[in-house]
Amino acid sequence: MNQTAKMTSLQYSSILVCFLMNMLDGMDVMVISYAAPAITKAWSIGAEALGLVFSSGLVGMSIGALIIAPYADRLGRKKMMIISGLLMGITIFTTSFAGSVNQLIFFRFINGLGIGCMLASTAALTSEYAPSKTKDFWVSFALSGYPIGAVLSGMVAAKIIPTYGWHSIFQLAGCCTLGSVPVVYFFLAESLDFYLKSQPEGALAKANDLLSKMGKETIVTLPEKPTIFQKIPIKLLLSPTFRLSTIQLWVALFLSFATLYFLTSWIPKLASSAGLSIELAIYAGTVFNVGAFVGIITQGYFSSKYGLKKTIGTILVLTAILMVIFKVFVGTDWIIIVFGLLGFGIQGGFVGLYAVSARIYPTEFRTTGVGWSIGIGRLGGIIGPAVGGVLIGLGLSMSTNFLIFAIPTALAGLMTWYLSTDKVS
């Protein structure tokens, strides 16, 4: 890919499809949080049980990102996104038929497998289609679809759950996700870099087809296949060249994911417990995700100008400070705005780490690198909601919970600031 050439309609369309699939990711992840107050009321279950439901989805996302997503480096990003979309759509729809906590846990786990693969594949593909100069912005833009999907589904959930019950939002989400699969099939282009470097069967003809569509000269033969691709990609992540930066990236993602998924999972429930109606509690989560979208786009812009590490590190540390002083805003009209600022900071910060992983690792095992970064991070995401459930069950206030989770947020920011790699500014 010529990183200095002007972007073509094929590149734009591919990035937009990745944006769409991340919107559906955000919807599929967040619907359980929006439905949580209604499920709690209908089934008379406690915070600890809901914490297990939230965490089961994250376990699935971790396994999907760690074990299944690396196959995209062999099969191709597009095929993996189609498989993931089918898995997500079927399981989110069948969640509406769950009749017990154990069934919810099962469906959320399987759904998480698809979500974990989808996130890794879209980040890798966007990175490979974006020019180097604006790569950080475009990766962040594609991933900003996640909070947009969360916002839109939150607005819909606030209207239909009180009227039609919690089952309805899962059925709607499942239909939307399944409907996206043909869009991926017809409008998403596989990565040119994938064909040139990974060289699957028929790579030369497929690469030339893409080159023709982008108005570039075709090639007679494929370039020599990199020997690095013959090795096991997972082992390469911890090779001497990548070991230190990989570990630092994993730690930063682990810590930021713990805070992010505590917030995304529990804000509607915490707001409801604080006396807000179910509709207003859902809107609290929606405002959080509106802030997240603005934060991701802002982070992408400033990262392109001032560097990823400094931008992400600063945003995360400032978010930790806001969480420390959160108590000041409890009971005031500012509380909803603060939810938006928290979304701005934690999402804007941690999504930038996806761009970091996409820059660190080469095409030959980029999806593996991004997938493992996401997977390790989601281990923190598994712990965050579960710990939150225990803390809430103990009767700790919202501000006390935020104070506790400010610690990993600040540490993630510092770890990012001092990330050791010459491939990321």
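The written sequence of each chain sets the order in which its residues are numbered from 1. Owing to the predicted nature of the model, reporting of local features is limited to residues with pLDDT of at least 70; listing and counting of side-chain atom pairs is limited to 80 or more, with chain, interface and lining totals taken over all residues. Think of the side-chain values as coming from all heavy atoms in the structure, minus any hydrogens and water.

Looking at an unreviewed UniProt entry, one finds the chain named MFS transporter and attributed to Flectobacillus longus. UniProt positions are given in the numbering used here, feature names are shortened, and annotations may be inferred rather than shown by experiment. One UniProt comment on the chain, placed under Subcellular location (unreviewed entry), says "Membrane".

Peer 1: Describe in detail a nonpolar patch on the surface, supporting the description with residues and values.
Peer 2: Here, patches come from residues exposed beyond 30% relative accessible area and free of salt bridges, joined within 9 Å for like charges and within 5 Å for nonpolar side chains (Val, Leu, Ile, Met, Phe, Trp, Tyr). With residues, only the protein chains shown are counted as cover, and all accessible areas are computed by Shrake-Rupley using a 1.4 Å probe. Any Lys or Arg side-chain nitrogen located within 4 Å of an Asp or Glu carboxyl oxygen qualifies as a salt bridge. A cluster of nonpolar side chains, Leu318, Ile321, Val324, Ile325, Val328 and Leu403, forms an exposed patch at the surface whose accessible area comes to about 540 Å². Where helices and strands are cited, they refer to DSSP runs of H or I of at least four residues and of E of at least two residues respectively, numbered from the N terminus. No other element matches the 3 residues that helix H14 (residues 308-324) contributes to the nonpolar patch. With respect to the helices and strands, Leu403 occurs in helix H17 (residues 398-417).

Peer 1: Account for the nonpolar core, naming residues and giving values.
Peer 2: Within this scheme, the nonpolar core is defined by two criteria: the residues are buried Ala, Val, Leu, Ile, Met, Phe, Trp, Tyr or Cys, and they are joined through side-chain atoms within 4.5 Å. Categorising residues by exposure relies on relative accessible area from a 1.4 Å probe, with only protein chains included: less than 20% of the type maximum marks a residue as buried, more than 50% marks it as exposed, and the intermediate range marks it as partly exposed. If you look at the biggest cluster of nonpolar residues, it comprises 119 residues, and the most contacted ones within it are Phe339, Leu342 and Phe402. Whether two residues touch is decided by their heavy atoms; if any such pair falls within 4.5 Å, the residues are in contact. With residues near it in sequence (within four places) discarded, Phe339 still touches Ile267, Ala284, Phe288, Phe326, Met398 and Phe402. In this structure, Met7, Phe19, Ala130 and Phe141 belong to the second largest nonpolar core, which totals 7 residues.

Peer 1: Now, about the confidence of the model for the chain: what can you tell me, with residues and values included?
Peer 2: On a range of 0 to 100, pLDDT expresses the predictor's confidence in each residue. Across the chain, the average pLDDT comes to 84, with 93% of residues at or above 70. Ranking the elements of the chain by mean pLDDT puts helix H11 (residues 233-237) last with 77 and helix H8 (residues 167-187) first with 94.

Peer 1: Give a detailed account of the packing of aromatic side chains, specifying residues and quantitative values.
Peer 2: The criterion for an aromatic pair is that two Phe, Tyr or Trp rings (for Trp, the six-membered ring) have centres within 6.5 Å, with stacked assigned to planes under 30 degrees apart, edge-to-face to planes over 60 apart and tilted to the rest. Per the counting criterion, the structure on display carries 23 aromatic pairs. The interplanar angle of 15 degrees and the centroid separation of 4.9 Å between the aromatic rings of Phe19 and Phe141 together place this pair among those described as stacked. Highlighted residues: Phe19 in helix H1 (residues 9-43) and Phe141 in helix H6 (residues 135-143), separated in sequence by 122 residues. Residues Phe19 and Phe141 agree in their burial class; the two are buried. With centroids separated by 5.9 Å and ring planes inclined at 55 degrees, the aromatic side chains of Phe194 and Tyr195 adopt a geometry described as tilted. Aromatic ring contacts, followed pair by pair, group Tyr12, Phe19, Phe137, Trp138 and Phe141 into a single cluster. Any Lys NZ or Arg CZ that is within 6 Å of a ring centre and within 35 degrees of that ring's normal is treated as a charge sitting over the ring. If you follow Lys78 out to its NZ or CZ, it ends over the ring of Tyr185, 5.5 Å from the centre. The positively charged end of Lys305 is found above the aromatic ring belonging to Tyr306, 5.8 Å away from the centroid.

Peer 1: Go over the packing of helix H5 (residues 101-129) against H6, please, and point to the residues and values.
Peer 2: All axes here are fitted lines through C-alpha atoms, helices being fitted over the stretch that makes contact, and every angle between N-to-C directions spans 0 to 180 degrees. Between H5 and H6, the least distance of the axes is 9 Å, while the angle of their chain directions is 150 degrees. Judged by the inter-axis angle, H5 sits roughly antiparallel to H6. Crossing geometry of H5 relative to H6 is assigned as right-handed. Listed contacts from H6 to Leu119, Thr122, Ala123, Thr126 and Ser127 of H5 are Lys135, Trp138, Val139, Ala142 and Leu143. For this classification, the nonpolar set comprises Ala, Val, Leu, Ile, Met, Phe, Trp, Tyr, Cys and Pro, the charged set comprises Asp, Glu, Lys and Arg, and every other residue, Gly included, is treated as polar. Each residue belonging to the contact of H5 with H6 can be placed in one class, and the counts come to 6 nonpolar, 3 polar and 1 charged. Roughly parallel refers to an angle under 35 degrees, roughly antiparallel to one over 145, roughly perpendicular to one between 65 and 115, and oblique to any angle outside these ranges. Helix crossings fall into two classes, left-handed where the near helix is turned counterclockwise from the far one by less than a right angle and right-handed where it is turned clockwise.

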